[in-house]
Amino acid sequence: MKNQRKERGRPIFNGDLCAQRMTKTMKHKISFPHMGKYHIVIGRLLEDLVGENGEVLTAPAITKRTIELGAKHSPEFVCIPFKYNLGNFIEALDNGANVLFHTSGDCRMGFYNEVQEQILRDLGYDFRLCILETNSRNRSLRDMYKMFKSLNPQLTWTRLISSLIFAVRIIFAMDKIEDYVRRNTGFAGDDSLEKIEKRFLTEVANARGMFHVGRIFRRYMKELRAVPLDKPKNPMKIGIVGELYVLMEPFSNYFIEKELAKFGIEVTRFINVSYLLFSPQHKIKHLIKQAEGYVTYEIGADGTDSVAKCVHFARNGYDGIIHLKPFGCTPEVNSIPICQRVSEDFGIPILYFSFDAQTSETGVKTRLEAFYDMISMKRDAGREMPEIPEIPMRG
Amino acid sequence: MYYKYQVMWRSFFEELGLEVVVSPNTNKKILDMGINSSIDESCTSAKVYMGHVEWLIGKCDVIFVPRVVTFEDGDATCTKFYGIYDIVRATFPDANFIHYSIDYDDKQTERKAYKKLGAELGAKKSAVKAAYKNAVAALEAFEKNLESRQEAILKSGDGALKVLIVAHPYNIYDKLIGEPIVRTLEELGASILYADVPDSTRMCGRSKALARSMYWRYNKELTGSVDYYRDKVDGIIFMTTFPCGPDSLAIELIMRKIKDVPMTNLIIDSNFGEAGLNTRIESFIDILEARKK
């Protein structure tokens, strides 16, 4: 711990850290499961940390095959992120990976890695599994250092900390850009915003250092703002809440945000990596306060968050809320009856989606369309801003 | 409903001079009420729970809904237990509930939780303290008794098949969910051992042999027990309700790790057919018998 504090106190930026590109004589072939666009940062972080001792092999992008492979070897009613992760792992191992990275979590996710390891070993794969703890209870920089040190003997504390901060900087930039695109892409008329975002992602993945990330970010933000938007004064607004994986992995939610944008809706979502890891708003005390008596205690993982954000959206005059979760996700199943109560008390419609390996895309689209029709009719019925009722007192 | 701490609660409340109304054994009607008042993806056990809560409404002054989430050593329960109090409150906004919360992560120890509960019920501090002490003792005696009975079965060499049932107490001791299985097994002449009976602390330690990073207390107990009994029994039956989160992973892991004992996994749903279940149990017993010869 002493060591760590010392390193934190020092200036941590190491300019030419990323200039040391890797040579081709490598031992470890490292891979990790996908989640949305974050493979860019995770790949970059791992590359920086293992340096010349390894190569990062990003798993092939998620396709139908990924989920089929994953579902085939998974337990029957495990939640869907497990199946996606497993599919990613199998495809990565088939491509020659031999070190796999995984995270932990607060719900069932914390136990994913051990079961997945056993399944993959039963399938005859040989690999090493490393776990990046995200659970605040066991999160420790020291363990992380030890783990990467074993992969890369040349690793120093300075390198670890600076790479981490660098990765965090990229995540913040990505999330901010993504947030702007999400809010506005429905009003751009075409996909020009998304194209800009794509270019931004390729460039930021190869940024040379902290300040470079900042420069890239500002340049692209300017470019995004320059795109003319045809946005009405009081646009239709929808908030999205739910389980983090299906929220952040667009493949698993059938690109629901894009579909919504097509209707010309402003979409808001709080959950992203920077929010989950660093936002003071994500602290449980704050959430319970925000949920205004609907929850007394933490209801598990991100369930509390869903309820709190439902209340927030309802209070801020949103037209509707969409709640996403994997089939059988216990924390979110917990949150639904409470969200229903919020919906009733505030008169705000909520649409619930539950995703599994066999959800039909057309079904999702149809339900979205119907939901859109419903909220626009509700609006036309003369209630521009629904009245906010008094919260009934509850024991 | 909650078979694990039933003795403790009853003793606590009765000591404080309160009348305890317990909902009856689960029946079809209670299950149906539960299905109607919970969302369809909720696990069957939780639906049964909701049914019992609904049954109690109007039959007593307050309904006790406990919340037990984390333990001394960082273990936790399934997230269903985290939320059950708030779910019940959201589903039945007009009913009166009383609760306690055992959450060591939040410094809410069991003693503290009972103290608060007692205060809320308007009892004297000293009375609460004594009631708690007696309740703990009652629970301990009850558990010891069960354990020694189980040991006796294990030692008796009457040649009957010994089958270990691995299931959460709230499932296997339930009249509607678990009892049909137990009954069928008894009719077939097997002697039954329950995985939840042996001492919790010891079993949690043992569970490391099969699952190194497990953190659900109740599943840890069961997993440890599987390790403890694996070479002492003829077969293992897992029983879980659809779609139980922890079980979905824990059972998969155990079944993949243990290769030398016959195992079967029975998944109970809210619209089950008893005949199909019986057939499966019968054929499993047949396999065990054939193997023993």
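Parameters and conventions
Residues numbered from 1 in each chain as written. Chains lettered and ligands numbered in written order. Predicted model: local features only at pLDDT ≥ 70, side-chain atom pairs only at ≥ 80, totals over all residues. Heavy atoms only, no water. Helix = DSSP H or I, 4+ residues; strand = E, 2+ residues; numbered from the N terminus. Rg over C-alpha atoms; globule rule 2.2 N^0.38 Å. Contact = heavy atoms within 4.5 Å. Lys, Arg positive; Asp, Glu negative; His and termini not counted. Charge placed at Lys NZ, Arg CZ, Asp CG, Glu CD. Buried < 20%, exposed > 50% of the residue type's maximum accessible area, 1.4 Å probe, protein only. Arc of directions from axis to C-beta. Polar contact = N/O pair within 3.5 Å; in protein donor to acceptor, adjacent residues only side chain to side chain. Pairing = 2+ DSSP bridges. Right-handed = clockwise from strand over helix to strand, strands pointing away. Core = buried A, V, L, I, M, F, W, Y, C linked by side-chain atoms within 4.5 Å. Buried area = accessible area lost by both parts, 1.4 Å probe. Salt bridge = Lys/Arg side-chain N within 4 Å of Asp/Glu carboxyl O. Domains from an automatic or database assignment. Axes fitted to C-alpha atoms, helices over the stretch in contact; angles between N-to-C directions.

Thoughts on the overall build of chain B
Part 1 of the argument: A tally of helices and strands in chain B yields 12 helices and eight strands.
Part 2 of the argument: Taken over the C-alpha trace, chain B has a radius of gyration of 20 Å; the compact-globule value for 293 residues is 19 Å, and the two agree within 12%.
Part 3 of the argument: By principal-axis analysis of the C-alpha atoms, chain B measures approximately 65 × 40 × 35 Å.
Part 4 of the argument: Of all intrachain contacts in chain B linking residues separated by at least 6 positions in sequence, the fraction that spans at least 24 positions is 70%.
Part 5 of the argument: Charge centroids of chain B, computed over 39 positive and 41 negative side chains, lie 5 Å from each other.

A short note on helix α6 (residues 141-151) of chain A
Part 1 of the argument: Listing the buried residues of α6(A) in full gives A:Leu141, A:Met144, A:Tyr145, A:Met147, A:Phe148 and A:Leu151. Projected down its long axis, α6(A) shows its buried positions confined to an angular sector of 165 degrees, all on one face.

Here we look at the environment of A:His34
All names here are of chain A.
Part 1 of the argument: For His 34, the location among the structural elements is in the loop between β1 (28-31) and α2 (39-50).
Part 2 of the argument: If we skip the residues at most four places from it in the chain, His 34 touches His 39, Thr 58, Ala 59, Pro 60, Ala 61, Ile 62, Asn 88, Tyr 245 and Glu 249.
Part 3 of the argument: Here the side chain of His 34 touches Pro 60 through a polar contact of 3.4 Å, landing on its backbone oxygen.

Examining the pairing of strand β7 (residues 235-241) of chain B
All names here are of chain B.
Part 1 of the argument: Burial of β7 is extensive: seven of the seven residues sit out of reach of the surface.
Part 2 of the argument: Sheet topology note: the strand β5 (residues 162-166)/β7 ladder contains four bridges and is parallel. Following the sheet pairing, Val 163 is matched in β7 by Gly 235.
Part 3 of the argument: Taking the sense of rotation as the criterion, the β-α-β connection linking β7, helix α11 (residues 245-257) and strand β8 (residues 263-268) turns out right-handed.

Some details on the nonpolar core
Part 1 of the argument: A:Phe101, A:Phe148 and A:Ile322 are the most contacted members of the largest nonpolar core, which has 117 residues in total.
Part 2 of the argument: Broken down by element, the residue count for this core peaks at 12 residues, all from helix α7 (residues 157-184) of chain A.
Part 3 of the argument: Counting residues in each nonpolar core, the second largest holds 29 residues, with A:Cys79, B:Trp216, B:Leu249 and B:Ala250 among its members.

Re the interface of chain A and chain B
Part 1 of the argument: With 47 residues of chain A at the contact, the number on the chain B side is 44 residues.
Part 2 of the argument: Between chain A and chain B lies a buried interface of about 3700 Å² when both sides are counted; carbon and sulfur atoms form 59% of it.
Part 3 of the argument: A per-residue breakdown of the area chain A buries against chain B is headed by A:Phe77, A:Phe111 and A:Tyr297, which together make up 21% of the total.
Part 4 of the argument: Here chain A is connected to chain B by four salt bridges.
Part 5 of the argument: The salt bridge involving B:Arg256 is made with A:Asp122; its shortest N-O contact spans 2.9 Å.
Part 6 of the argument: Elements represented by at least two residues in the side of chain A that touches chain B include exactly α5 (112-122), β7 (320-326) and α15 (330-346) of chain A.
Part 7 of the argument: It is α15(A) that provides the largest number of residues to the side of chain A that touches chain B, a total of nine residues.

A look at the domain arrangement of chain A
Residues and elements named next belong to chain A.
Part 1 of the argument: Its domain assignment divides chain A into domain 1 (12-155), domain 2 (162-231) and domain 3 (232-395).
Part 2 of the argument: The interface of domain 1 with domain 2 comprises 16 residues on the first partner and 21 residues on the second.
Part 3 of the argument: The contact between domain 1 and domain 2 buries some 1500 Å² in all, and 72% of this surface belongs to carbon and sulfur atoms.
Part 4 of the argument: The largest contributions to the domain 1 side of the interface with domain 2 come from Lys 37, Val 41 and Arg 44, which together make up 34% of the buried area.
Part 5 of the argument: Where domain 1 touches domain 2, the interface holds two salt bridges.
Part 6 of the argument: Residues Lys 37 and Glu 197 are paired through a salt bridge, measuring 3.1 Å at the closest nitrogen-oxygen approach.
Part 7 of the argument: Where domain 1 packs against domain 2, one counts five residue pairs in polar contact (both at pLDDT 80 or more).

Considering the sheet that holds strand β5 (residues 236-242) of chain A
Residue and element names in this part refer to chain A.
Part 1 of the argument: The sheet built from four strands is open, its strands ordered β6-β5-β7-β8 with parallel pairing. Of all the strands in the sheet, the pair left with one neighbour each is β6 (265-269) and β8 (350-355). Mean inter-strand twist for the sheet, computed between neighbouring axes without regard to direction, equals 25 degrees.
Part 2 of the argument: By the bridge criterion, five bridges tie β5 to β6 in an arrangement that is parallel. Following the sheet pairing, Ile 238 is matched in β6 by Val 267.
Part 3 of the argument: Along the sheet, helix α14 (residues 303-315) contacts β5, β6, β7 and β8; its crossing angle with β5, the most-contacted strand, is approximately 170 degrees.
Part 4 of the argument: Relative to β8, helix α16 (residues 361-380) is tilted by about 170 degrees, and along the sheet it contacts β5, β6, β7 and β8.

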